[in-house]
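Reading the structure
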Amino acid sequence: MKTRKLGNLGLSVSSIGLGCMGMSEFYGVTDEAESIATIHRALEMGVNLLDTADMYGIGANEELVGKAICHRRSEVILATKFGIQRNGESGERSINGKPEYVHQACDASLRRLGIDCIDLYYLHRVDTNVPIEETVGAMAELVKQGKVRYLGLSEAAPETIRRAHAVHPISALQSEYSLWTREVEDEIIPTIRELGIGFVPYSPLGRGFLSGEIKSPEDFAADDFRRFLPRFQGDNFNKNIQLVERVKEIASNKGVTPSQLALAWLLAQGEDIVPIPGTKRRKYLEENIAAVEIILTEDELQQIEESAPKNFAVGERYPANSMGSVNR
């Protein structure tokens, strides 16, 4: 497995990571045994970056990941996040970046993961009611205490990134980026490259849309949260499927799957980019990892650009109440 650097402090990870969120909720039926087998297979294939968060499954995902790596800690660069609180009864969410909560959340994650140090600790969403300097200041204290090695942000705006980085070096920014979500190319990627911050795209396959496997919104389980995302609804879905058809055609000509093409395109956008496609099955994991070996020519990249131009996708990434917390 090839490796890439995130930030300037020495964090080196596999060129592709594994997003573990769907192993616990959001994407229909879960299977703990297959999920753990998928994590183990990822490690066997050289993937060392595992991504989770305290809000996935309201702690259950961290526990699952912790169980999977309990005897293999030295093989893993473990990333988790804090900042989104969920009410276990109502499911209601709130964002908390208060310094005292930073410490509480970290200690809780360490317990669930069964480890004594988190490799990469992200602020999951920026709390606009708390100065970013205070939140990152508390995160920096965790580094001094030996509970965290490197710091990251998620869905942060350029000015927020600059202010945070001035308090303590930020090693990675995690935000959505794929062939159908390219807004980060305008200001965010230039900002983090100026500052020497790595980029970790989540949902690099458009929440599975770019795989070409989704034919209808009815393909989703009743509890699959994609049913509630604007891009997967009504006319938006029908228009967005046109993008997938274009990607499928280019992939077919290349002799790869649509998912592999989408990941290879992301990897070609810079050596500082480490996508974390999520899956809960070994079959798709192996398909995704194979994208690391795919080299796209300049002609192919141009063809993809023409077929999937920026701002092609129709509809917002999230419902209106969630869009307010991204790029803050």
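On a predicted model such as this, the values are computed, not experimentally measured, just so you know.

Cut-offs applied
- Residues numbered from 1 in each chain as written.
- Predicted model: local features only at pLDDT ≥ 70, side-chain atom pairs only at ≥ 80, totals over all residues.
- Heavy atoms only, no water.
- Helix = DSSP H or I, 4+ residues; strand = E, 2+ residues; numbered from the N terminus.
- Buried < 20%, exposed > 50% of the residue type's maximum accessible area, 1.4 Å probe, protein only.
- Contact = heavy atoms within 4.5 Å.
- Areas by Shrake-Rupley, 256 points an atom, 1.4 Å probe, with all protein chains shown as cover.
- Lys, Arg positive; Asp, Glu negative; His and termini not counted.
- Charge placed at Lys NZ, Arg CZ, Asp CG, Glu CD.
- 1 Å grid on protein atoms, 1.4 Å probe; cavity = no way out; pocket = protein on both sides within 12 Å on 5 of 7 lines; lining within 4 Å.
- Points joined across faces, edges and corners; volume = space filled by probe spheres on them.
- Nonpolar A, V, L, I, M, F, W, Y, C, P; charged D, E, K, R; others polar.
- Pairing = 2+ DSSP bridges.
- Axes fitted to C-alpha atoms, helices over the stretch in contact; angles between N-to-C directions.
- Salt bridge = Lys/Arg side-chain N within 4 Å of Asp/Glu carboxyl O.
- Parallel < 35°, antiparallel > 145°, perpendicular 65-115°, else oblique.
- Left-handed = near helix turned anticlockwise from the far one by under 90°.
- Disulfide = S-S within 2.5 Å.
- Phe/Tyr/Trp six-rings, centres within 6.5 Å; stacked < 30°, edge-to-face > 60°.
- Lys NZ or Arg CZ within 6 Å of the ring centre and 35° of its normal.

Here's the deal with the overall build of the protein chain
- Looking only at helices and strands, the protein chain has 11 helices and 11 strands in total.
- Seen through its principal axes, the protein chain has C-alpha atoms that stretch 50 × 40 × 40 Å.
- Relative to its 328 residues, the protein chain shows a buried fraction of 59%.
- Taking the contacts inside the protein chain whose residues are at least 6 apart along the sequence as the reference set, 75% of them involve residues at least 24 apart.
- With the model as given, the accessible surface of the protein chain reaches about 13700 Å², and the carbon-plus-sulfur share is 46%.
- Computed over 37 positive and 47 negative side-chain charges, the separation of the two mean positions in the protein chain equals 2 Å.

Description of the layout of surface pockets
- Its volume calculated, the second largest pocket comes out at about 310 Å³.
- Contributing to the lining of the second largest pocket are 21 residues, with Arg-182, Glu-183, Val-184, Arg-317 and Asn-327 lying nearest its centre.
- Partitioned by chemical class, the residues of the lining of the second largest pocket number 8 nonpolar, 4 polar and 9 charged.

Some thoughts on the pairing of strand S10 (residues 172-176)
- With 5 of its 5 residues buried, S10 lies for the most part within the structure.
- Covered by surrounding structure in S10 are Ala-172, Gln-174 and Glu-176 together with Leu-173 and Ser-175, the residues of both alternating faces.
- The sheet contact formed by strand S9 (residues 148-154) and S10 spans 3 bridges and is parallel. What sits directly across from Ser-154, in S10, is Gln-174.

Regarding the sheet that holds S9
- Ordered in space as S3-S4-S5-S8-S9-S10-S11, the 7 strands form an open sheet in which the pairing is parallel. Every other strand in the sheet has two partners, leaving strand S3 (18-19) and strand S11 (198-202) as the edge strands with one partner each.
- Pairing analysis gives 3 bridges linking strand S4 (residues 49-51) to strand S5 (residues 77-82), with the strands arranged parallel. What sits directly across from Asp-51, in S5, is Ala-79.
- Along the sheet face, helix H3 (residues 99-113) touches S5, strand S8 (118-123) and S9 and points at about 135 degrees away from the line of S8.

Quick look at the pattern of salt bridges
- Under the definition given, this model contains 26 salt bridges.
- A salt bridge links Lys-310 to Asp-186, with the nearest nitrogen and oxygen atoms 2.9 Å apart. Residue Lys-310 is found in the loop between helix H10 (298-307) and helix H11 (320-323), and its partner Asp-186 is found in the loop between S10 and helix H6 (188-195); the two are separated by 124 residues along the sequence.
- Given the relative accessible area of 48%, Asp-186 is considered partly exposed.
- The network of salt bridges with common partners includes Arg-182, Glu-185, Asp-186, Glu-305 and Lys-310.

With respect to the packing of helix H5 (residues 158-167) against H6
- As a packed pair, H5 and H6 sit with axes 9 Å apart at the nearest point and diverge in direction by 20 degrees. The orientation of H5 with respect to H6, classified from their angle, is roughly parallel. By crossing handedness, the relation of H5 to H6 is classed as right-handed. Mapping the contact onto sequence places Pro-158, Ile-161, Arg-162 and His-165 in H5 and Ile-188, Thr-191, Ile-192, Glu-194 and Leu-195 in H6.
- Across the contact of H5 with H6, the residue classes tally to 5 nonpolar, 2 polar and 2 charged.

A look at the state of the cysteines
- Tallying each qualifying case throughout the model produces 0 disulfides.
- For Cys-70, which is in no disulfide, the shortest distance to another cysteine sulfur is to Cys-20 and amounts to 14 Å.

Some points on the packing of aromatic side chains
- Summed over the entire model, instances satisfying the criterion amount to 7 aromatic pairs.
- A centroid spacing of 5.7 Å and a plane angle of 65 degrees characterise the contact between Tyr-177 and Trp-265, whose relative ring orientation is edge-to-face. Taken together, the residues span a long stretch of sequence, with Tyr-177 in the loop between S10 and H6 and Trp-265 in helix H8 (residues 258-267) at a distance of 88 residues. Across the pair, exposure class does not vary: Tyr-177 and Trp-265 are buried alike.
- Summarising the aromatic geometry, the rings of Trp-180 and Phe-232 are spaced 5.6 Å apart at their centres and angled 85 degrees between planes, so their arrangement reads as edge-to-face. Pair noted here: Trp-180 is in the loop between S10 and H6 and Phe-232 is in the loop between S11 and helix H7 (234-254), with a separation of 52 residues, a long-range link.
- We classify Trp-180 as buried; its relative accessible area is 5%.
- Phe-232 sits in the buried class, given a relative accessible area of 2%.
- Members of the aromatic cluster, each reached through a chain of ring pairs, are Trp-180, Phe-209, Phe-232 and Phe-237.
- Of note, Arg-231 hangs over the ring of Trp-180, and the distance from its end group to the ring centre comes to 5.0 Å.

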